[in-house]
Amino acid sequence: MSRYAHSKPPWLRMPPRYMLASLLTAMGGFLLGFDTSTIGPVTVMPSYIAHFGQHSPSVHGIVVSSILLSAAVTSFIAGRPADVLGRPRAIALGVAVFTVGVAMQAGATGKGLAMFMVGRVTEGAGFGLYFGTLTVLLVAAAAGVMVVTSDGGISPPSQRGPLTTGPQWMICLGLVAGYFTCYGTGTIPGSLSWRLPFVILGTISTIFIAAVLVFLPPSPRWLTLRGQQAEADAVWETLGIKPEDRQKIVNGLEGGEGVVDDSDSTRSPLPVGDLEKEQDAEPRFLDLFKRDVRGRTMFAVMLMGMLQLSGIDAVLYYAPLLFQHAGLTSSESSFLASGISGIILVLVSIPALLFADKWGRRTSTILGGLGLTTTMIVMGSLYASGAVHESRGAARWVVVVCIYLYAVFFATTWAVSIKVYAPEIQPQRTRAKATALAHGCNWVCNFFVAFICPVLLAKSSFGLYFLFGGCTAVTTV
């Protein structure tokens, strides 16, 4: 960095390159949020129904959730292309596959769902490849390794909280963009109303590919492990990582073997010999279930599965449908209410982003679980008692408020604490593979939730809420 740069006032200085690179990586979350908030509204648009016909609840669930099943499959193997190609090129590859799937949906022809469904599955395969890499790569910072790779990445430990929760905020921003895109395109005559959101998403993902390939540097540790020390040193300098932070990262000072306590600030260092041994030995899948680590592995898998079984994606994917059940019967009203829920998510994610390292993981998870359970049980009880009517009564507004409160509780607690804690408790030698396994379970549970939601709503007005409330209660206990 030049002397002139140091002489500038703080507000005129460019942020460190590791911050810019981490923010760029977080943009991958925007694509996920945008797709999540568009597919539900698109499938209830009159123009979509006129083109493909009215879906049964089970078909509706398959259309929405098919992306998640293919994502679950590819997320399990996402680490391999990342190890071979490096993180930036692996991310770009995944996003390219994702973009092909989006383009197929935008251009789906004929009255059948074949091309549209192939596009959904292809998009999901890309999701699993790129978001699996992003997740391992970003949540590794929660354990103090670095932000942009599972092998060590690009953000010093002192900044890991705000930077690793950045993708969550970008997901919320993508949700808002997707909801209001559908709100705006829903009145366009013809099939362009449901095709245009996919065209916009494909355009954004194409720009993201170019930005990743041009601006995202490879991991210094990835380069070092491949004997490219000079290139690794150059990346350290480019990113602006201080020498003392480099040493902490290399020694595992902030990402050791110890289980993280509730203060999330104290970790035991790894002896240098143990660190070298972990670097040299490539862990196998079965190593995740050895006696010394299997408890942590299974706990992370359970947490990431229950994160989805809390019902968050039922709220995100089917927000217009949930609001219609609560009495907001017009498409415009339900889309607008969904957009407002997205805005609330963005706003409440800001304090979670800023204070991620100050709020205890355990406390945050327990308090959030109590809030999520309460809102789900209240909504289920109102529907079960027959108190909710489409055109009258205060109960329907209580349901609307509870949906918003549920989103607030999730965004400020579980969305951050569980996603950070699950990889944070893993030993360094198995962290990448354990995190990939946990996120694979997350995708499978996500598929189940997205598929079962319209089916349960068609059979029972309250069963869905009691199911998710029960899952959050069990997790909290």
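Residues numbered from 1 in each chain as written. Predicted model: local features only at pLDDT ≥ 70, side-chain atom pairs only at ≥ 80, totals over all residues. Heavy atoms only, no water.

**Here we look at the overall build of the chain**
Item 1. Per the secondary structure count, the chain includes 23 helices and zero strands.
Item 2. Residue pairs in contact within the chain that sit at least 24 positions apart in sequence constitute 80% of those at least 6 positions apart.
Item 3. Here the chain displays about 18,900 Å² of accessible surface, and carbon together with sulfur accounts for 68% of that area. (Helix = DSSP H or I, 4+ residues; strand = E, 2+ residues; numbered from the N terminus. Contact = heavy atoms within 4.5 Å. Areas by Shrake-Rupley, 256 points an atom, 1.4 Å probe, with all protein chains shown as cover.)

**Brief notes about the confidence of the model for the chain**
Item 1. Here the chain averages 76 in pLDDT, and 74% of its residues register 70 or above.
Item 2. Taken element by element, the chain is modelled with least confidence in helix H14 (residues 272–280), mean pLDDT 44, and with most confidence in helix H10 (residues 192–215), mean pLDDT 93.
Item 3. Low confidence marks residues 1–6, where pLDDT is under 50. Its contacts with residues over four positions away, or in another chain, come to three contacts.
Item 4. Segment residues 252–280 is flagged for pLDDT under 50; beyond a separation of four residues in sequence, or across chains, it makes 64 contacts in the model. (pLDDT = per-residue confidence, 0-100.)

**Side note on helix H4 (residues 57–76)**
Two residues of an α-helix separated by three or four positions point the same way, owing to the 3.6 residues in each turn.
Item 1. With 20 residues, H4 extends 29 Å from end C-alpha to end C-alpha; this agrees with the ideal 28 Å at 1.5 Å per step.
Item 2. At Ser65, H4 shows its strongest bend, of approximately 45°. (Expected span 1.5 Å × (residues − 1). Bend = angle between axes of the 7 residues up to and from the residue.)

**Regarding the packing of aromatic side chains**
Here a ring pair, both rings aromatic, is described through the centre-centre distance and the interplanar angle of the planes.
Item 1. Here the structure, examined in full by the defined rule, presents 16 aromatic pairs.
Item 2. Between Phe447 and Phe451 the ring centres are 6.2 Å apart and the planes differ by 10°, which places this aromatic pair in the stacked class. Within this pair, Phe447 and its partner Phe451 are both found in helix H22 (residues 431–459), separated by four residues, close to a single helical turn.
Item 3. For Phe447, a relative accessible area of 22% corresponds to the partly exposed category.
Item 4. One aromatic cluster is present, built from ring pairs that chain together Tyr48, Phe52, Phe116, Trp194 and Phe198. (Phe/Tyr/Trp six-rings, centres within 6.5 Å; stacked < 30°, edge-to-face > 60°. Buried < 20%, exposed > 50% of the residue type's maximum accessible area, 1.4 Å probe, protein only.)

**Quick look at the environment of Leu213**
Item 1. Along the polypeptide, Leu213 turns up in helix H10.
Item 2. Every residue in contact with Leu213, bar those within four places of it in the chain, is listed here: Pro88, Arg89 and Ala92.

**Topic: the pattern of salt bridges**
Item 1. Taken as a whole and assessed by the stated rule, the structure comprises two salt bridges.
Item 2. With its nearest N and O atoms 3.4 Å apart, the salt bridge here joins Arg120 to Glu123. Of this pair, Arg120 and Glu123 both sit in helix H7 (residues 114–139), separated by three residues, roughly a single helical turn.
Item 3. A residue is classified by how much of its surface remains accessible, and Glu123, at 0% relative accessible area, is buried.
Item 4. One connected set of salt bridges, linked through shared partners, spans Asp35, Arg120 and Glu123. (Salt bridge = Lys/Arg side-chain N within 4 Å of Asp/Glu carboxyl O.)

**As for the environment of Pro454**
Item 1. Tracing the backbone shows Pro454 in helix H22.
Item 2. Classification of Pro454 as buried rests on a relative accessible area of 5%.
Item 3. Taking C-alpha positions, Pro454 is 8.9 Å from Ser56, a pair spaced 398 residues apart along the chain.
Item 4. Among residues more than four places away in sequence, those in contact with Pro454 are Pro57, His60, Gly61 and Tyr318.

**A short note on the nonpolar core**
Item 1. Tyr48, Phe116, Tyr130 and Trp194 are the most contacted members of the largest nonpolar core, which has 105 residues in total.
Item 2. Every residue in contact with Phe116, bar those within four places of it in the chain, is listed here: Ile39, Tyr48, Phe52, Val63, Gln105, Ala108, Trp194 and Phe198. (Core = buried A, V, L, I, M, F, W, Y, C linked by side-chain atoms within 4.5 Å.)

**Focus on the packing of helix H19 (residues 361–384) against helix H21 (residues 414–424)**
Item 1. Remark: H19 packs on H21, axes separated minimally by 9 Å, with the N-to-C direction vectors making an angle of 135°. Here H19 is positioned oblique relative to H21, judged by the angle of their axes. Like other packed secondary-structure pairs, H19 and H21 cross with a definite hand, here left-handed. Of the residues in H21, those touching H19 at Arg361, Ser364, Thr365, Gly368, Gly369 and Leu372 are Trp414, Ser417, Ile418, Val420, Tyr421 and Glu424.
Item 2. Tallied by class, the residues present in the contact of H19 with H21 amount to five nonpolar, five polar and two charged. (Axes fitted to C-alpha atoms, helices over the stretch in contact; angles between N-to-C directions. Parallel < 35°, antiparallel > 145°, perpendicular 65-115°, else oblique. Left-handed = near helix turned anticlockwise from the far one by under 90°. Nonpolar A, V, L, I, M, F, W, Y, C, P; charged D, E, K, R; others polar.)

**So, the side chain of Ser193**
Item 1. Inspection of the secondary structure puts Ser193 in helix H10.
Item 2. Looking at Ser193, its side chain comes within polar contact range of the side chain of Ser47, at 2.3 Å.
Item 3. Discounting residues that sit within four places of it in the chain, Ser193 has contacts with Met45, Ser47, Thr185, Gly186 and Ile188. (Polar contact = N/O pair within 3.5 Å; in protein donor to acceptor, adjacent residues only side chain to side chain.)

**So, the packing of helix H20 (residues 395–412) against H21**
Any two packed helices are characterised by how steeply their axes cross, that is the angle between the axes, and by the distance between the axes.
Item 1. Following both chains from N to C, one finds H20 and H21 inclined at 30°, their axes separated by 4 Å at the closest point. Considering the angle they form, H20 stands roughly parallel to H21. Facing H20, whose interface residues are Phe409, Phe410, Ala411 and Thr412, H21 presents Trp414, Ala415 and Val416.

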